[in-house]
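# Structural description and commentary
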Amino acid sequence: RRGVVYARNKCLKEAKKINPKFISFFDDDCIVDRLWLKNVFKVKKYTNAEIITGPQIHLRKGSSSKYDLINYSHFFEKKYKNSINRVNWAASNNVFLEYDVIKRHGLLFDKNLNKFGIGEDQLFFSKLNNYGHKIYWSKTIKVFEDIHGHRSNLKWLIGRSFRLGVLGHYLDISMHGRLTGFI
């Protein structure tokens, strides 16, 4: 089956067979910082977090300047003032977590979100946060990714904004149920 949701769920099913202590998710086209794992365990020790995430820093292939290409992805990224922050969810492009957290809840990524191409990680980690698991973001837990050319135009920006609006509605229903009432 095609789609990132199916790939991530297959990874979780395979992990169940070997019962690891930890599990990580990255995008397939990212480059992990050479100090990533060392920094993960520093943050884990400092925060006692069960889930640790960090930024995905966008680069442009063959460019010495980050200003050569407009990257509209930045419009959707949260900015943090502190170097370590407690957050409500993590993106699966750069995340490390205790496998027991997943095993305890039998959680999988929502296959209904495969058609949007976004949001399955937000729902997955938001549920873990609601179950009481601590998620921390640190600027030292970084990965790098080339800027995708298709994300450098307004058509992509508008389409992504629309998908995020629809996604927000789906996430609210998934997390809190349908709103019912009388007018």
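Provided above is the structure to which this section pertains.
So, a few notes on the structure that sits alongside this text.

Rules and cut-offs
Residues numbered from 1 in each chain as written. Predicted model: local features only at pLDDT ≥ 70, side-chain atom pairs only at ≥ 80, totals over all residues. Heavy atoms only, no water. Pairing = 2+ DSSP bridges. Helix = DSSP H or I, 4+ residues; strand = E, 2+ residues; numbered from the N terminus. Axes fitted to C-alpha atoms, helices over the stretch in contact; angles between N-to-C directions. Contact = heavy atoms within 4.5 Å. Salt bridge = Lys/Arg side-chain N within 4 Å of Asp/Glu carboxyl O. Buried < 20%, exposed > 50% of the residue type's maximum accessible area, 1.4 Å probe, protein only. Core = buried A, V, L, I, M, F, W, Y, C linked by side-chain atoms within 4.5 Å.

## Quick notes on the sheet that holds strand β3 (residues 51–53)
- The mixed open sheet is built from five strands, whose spatial order is β1-β6-β3-β7-β5. Since the sheet does not close on itself, it has two edges, and those belong to β1 (22–26) and β5 (84–87), each with one partner. For this sheet, the mean inter-axis angle between neighbouring strands, taken without regard to orientation, is 20°.
- Sheet contacts for helix α2 (residues 36–47): β1, β3, β5, β6 (94–98) and β7 (135–138); angle to β6, the most-contacted strand, approximately 50°.
- Each of β3, β5, β6 and β7 touches helix α4 (residues 120–130); the most contacted strand, β6, lies at about 40° to it.

## Describing the pattern of salt bridges
- Under the definition given, this model contains five salt bridges.
- Where R8 meets D27, a salt bridge forms, and the shortest distance between an N and an O atom there is 4.0 Å. On the criterion of sequence distance, the pair formed by R8 in helix α1 (residues 4–18) and D27 in the loop between β1 and β2 (30–32) is long-range, its members being 19 residues apart.
- Among the residues examined, D27 registers a relative accessible area of 22% and is labelled partly exposed.
- Salt-bridge contacts for R104 lead to D100; the nearest nitrogen and oxygen are separated by 2.8 Å. Pair noted here: R104 and D100 are both in helix α3 (residues 99–105), with a separation of four residues, about one helical turn.
- Overall, the relative accessible area of 36% leaves D100 in the partly exposed class.
- It is possible to trace a salt-bridge network through shared partners that takes in R8, D27 and E120.

## Regarding the nonpolar core
- Counting residues in hydrophobic clusters, the biggest one holds 20 residues, and the most contacted among them are I23, I51, L97, F124, F125 and L128.
- Only α1, β1, β6, α3, α4 and β7 provide two or more residues apiece to this core.
- Not counting chain neighbours up to four residues away, the residues in contact with F125 comprise I51, N88, W89, A90, S92, V95, L97 and I135.
- By size, the runner-up hydrophobic cluster in this structure holds 10 residues, among which are V40, A49, F96 and V143.

## A word on the environment of I23
- With respect to the helices and strands, the residue I23 is situated in strand β1.
- Ignoring any residue separated from it by four or fewer positions in sequence, one finds I23 in contact with C11, L12, A15, V95, F96, L97, Y99 and I102.

## Describing the sheet that holds β2
- Read from one edge to the other, the open sheet built from three strands follows the order β2-β8-β4, with strand pairing classed as mixed. One side of each edge strand has no neighbouring strand; the edge strands of this open sheet are β2 and β4 (56–59). Neighbouring strand axes in the sheet, compared pairwise and without regard to direction, differ in orientation by 30° on average.
- With four bridges joining them, β4 and strand β8 (residues 143–146) adopt parallel strand pairing. Looking across to β8, one finds that Q56 is bridged to V143.

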